Amino acid sequence: MQLNPRLLNGTWDDGRVLDRHVSSSEFIGYNEYGHPQFESTRTELGELLYKLKYRGDQSAITVIAQAACDFVRRWNPGIDIIVPASPSEQLPPGRR
């Protein structure tokens, strides 16, 4: 799997993300309920996360876990903790 790890800035010593969820997204209009619609292209990891989260495809778990393990072995930072992070900013109340 092609990953594009990036530095994750914060109040910690060092942090990384394996990849973006979406590589590109284009606004295509509004649906019949007035909600904006987008045509999005996901990264390989993003597609696996999408299948797991929104399609219930549990076969993605093994591939995601293996990619994370392989990355941690190569990076080898002396990890104290692994914390899952939301892939995007939280929307304000009323915009969810």
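Residues numbered from 1 in each chain as written. Predicted model: local features only at pLDDT ≥ 70, side-chain atom pairs only at ≥ 80, totals over all residues. Heavy atoms only, no water.

Participant: Before we move on, can you summarise the overall build of the protein chain with the specific residues and values?
Facilitator: Counting its secondary structure elements, the protein chain contains 2 helices and 4 strands. Ordered by position from the N terminus, the helices and strands of the protein chain form the series β-β-β-β-α-α. Buried positions account for 15% of the 96 residues belonging to the protein chain. If you take every contact in the protein chain between residues at least 6 apart in sequence, the share linking residues at least 24 apart comes to 27%. (Helix = DSSP H or I, 4+ residues; strand = E, 2+ residues; numbered from the N terminus. Buried < 20%, exposed > 50% of the residue type's maximum accessible area, 1.4 Å probe, protein only. Contact = heavy atoms within 4.5 Å.)

Participant: Got a sec to walk through the packing of aromatic side chains? Specific residues and values, please.
Facilitator: In total, this model carries 4 aromatic pairs according to the counting rule given. Between the aromatic rings of Y50 and Y54, the centroid separation amounts to 5.2 Å while the plane-to-plane angle is 40°, which identifies the pairing as tilted. Residue Y50 and its partner Y54 are located together in helix α1 (residues 44-55), separated by 4 residues, close to a single helical turn. You can call Y54 partly exposed: its relative accessible area is 49%. Within the aromatic cluster, the residues linked to one another by ring pairs are F27, Y30 and F38. (Phe/Tyr/Trp six-rings, centres within 6.5 Å; stacked < 30°, edge-to-face > 60°.)

Participant: Explain the side chain of D19 residue by residue, including any values.
Facilitator: Considering the arrangement of structural elements, one finds D19 in the loop between β2 (16-17) and β3 (22-30). Despite being buried, D19 has no salt bridge partner; R20 is the closest side chain of opposite charge, sitting 6.2 Å away. A distance of 3.4 Å separates the side chain of D19 from the side chain of N4, its partner in a polar contact. The residues touching D19, leaving out its near neighbours within four places in the chain, are Q2, L3, N4, T43 and L45. (Lys, Arg positive; Asp, Glu negative; His and termini not counted. Salt bridge = Lys/Arg side-chain N within 4 Å of Asp/Glu carboxyl O. Polar contact = N/O pair within 3.5 Å; in protein donor to acceptor, adjacent residues only side chain to side chain.)

Participant: Explain the pattern of salt bridges to me, using residue names and the numbers behind them.
Facilitator: A complete count under the given rule lists 3 salt bridges for this structure. Salt-bridge contacts for D14 lead to R16; the nearest nitrogen and oxygen are separated by 3.1 Å. Of the residues examined, D14 reaches a relative accessible area of 35% and is grouped as partly exposed. The exposure class assigned to R16 is partly exposed, which follows from its relative accessible area of 36%. Across the pair E47 and R42 runs a salt bridge, and its minimum N-O distance is 3.1 Å.

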